[in-house]
Amino acid sequence: MAEALGSSSTSRGLGSGGSGGVRIPQEPSLKAGVVLSDERVDFLREQAFCVLRVKTDKWNRFIGAEENQNIILDFLDHIWTNRLLLFTGPGGTLHAGDAQTSPPWKTKLLCVLKRGVKRITRQGFRHQLRLGEVPGYPMEHLPIVISELGVQTIY
């Protein structure tokens, strides 16, 4: 071990790939740690629990997938996405989508919208988001909405 840390290994520098350097964690494991410790993601989890009635094991399976982590972090950290859709599938599995994605089946949606085109910061993020709940069959509620709006408009 003393030979590996001798003067020959220090002259190579940190970025040369020598065996005496410190190993940096790869991107997926680093991202998983970021997602699990992010208060913004915890807030989205609580909303999914309340609105979609998602169970803890389904959330853990959902957030464990790298694709879902990327969708959530892209929404929170970048300005090119302004909408996040969370919805359940067959068997209660949780899925995420963005502005280009729509659920393939009729299910309740949790819509998370940004207030403006901006990055969602860790401070005051609750005030930077708009939350909405869309029923699985919105057209079934249309007559009620029309009658209530029509009555208010007439009077």
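Structure: see above.
One structure accompanies this document, and this report is about it.

Conventions adopted
Residues numbered from 1 in each chain as written. Predicted model: local features only at pLDDT ≥ 70, side-chain atom pairs only at ≥ 80, totals over all residues. Heavy atoms only, no water. Axes fitted to C-alpha atoms, helices over the stretch in contact; angles between N-to-C directions. Helix = DSSP H or I, 4+ residues; strand = E, 2+ residues; numbered from the N terminus. Parallel < 35°, antiparallel > 145°, perpendicular 65-115°, else oblique. Left-handed = near helix turned anticlockwise from the far one by under 90°. Contact = heavy atoms within 4.5 Å. Core = buried A, V, L, I, M, F, W, Y, C linked by side-chain atoms within 4.5 Å. Buried < 20%, exposed > 50% of the residue type's maximum accessible area, 1.4 Å probe, protein only. Pairing = 2+ DSSP bridges.

Quick look at the packing of helix α3 (residues 39-52) against helix α5 (residues 66-77) now. For the pair α3 and α5, interaxial distance at closest approach is 11 Å and the crossing angle is 115 degrees. Our classification of the angle between α3 and α5 gives roughly perpendicular. Judged by the twist between their axes, the crossing of α3 over α5 is right-handed. In this structure, α3 uses Arg40, Val41 and Leu44 to contact α5, whose residues at the interface are Ile72, Leu76 and Asp77.

On to the nonpolar core. Among the nonpolar cores identified, the biggest contains 22 residues, and Trp59, Phe62, Ile72 and Leu86 are the most heavily contacted of them. Of all the elements in the fold, those that place two or more residues in this core are α3, α4 (56-64), α5, β1 (83-88), β2 (94-97) and β3 (109-114). Looking at which element gives the most residues to this core, the answer is α3, with six residues. Discounting chain neighbours no more than four positions away, the residues touching Phe62 are Asn68, Ile72, Leu86, Leu94, His95 and Ala96.

Right, let's get into the environment of Ala96. By the secondary structure assignment, Ala96 is in strand β2. A relative accessible area of 13% places Ala96 in the buried class.

Another point: the sheet that holds β2. Judged by pairing direction, the sheet is antiparallel, and its four strands sit side by side in the order β2-β1-β3-β4 without closing on themselves. This sheet does not close on itself; its edge strands, each paired only once, are β2 and β4 (129-134). Pairwise comparison of adjacent strand axes, ignoring direction, gives a mean angle of 20 degrees for this sheet. Strand direction decides the pairing type here: β1 and β2, joined by four bridges, are antiparallel. Paired with Leu85 across the two strands is Gly97, which belongs to β2. This element, α5, spans β1, β2, β3 and β4 of the sheet and lies at about 145 degrees to β1.

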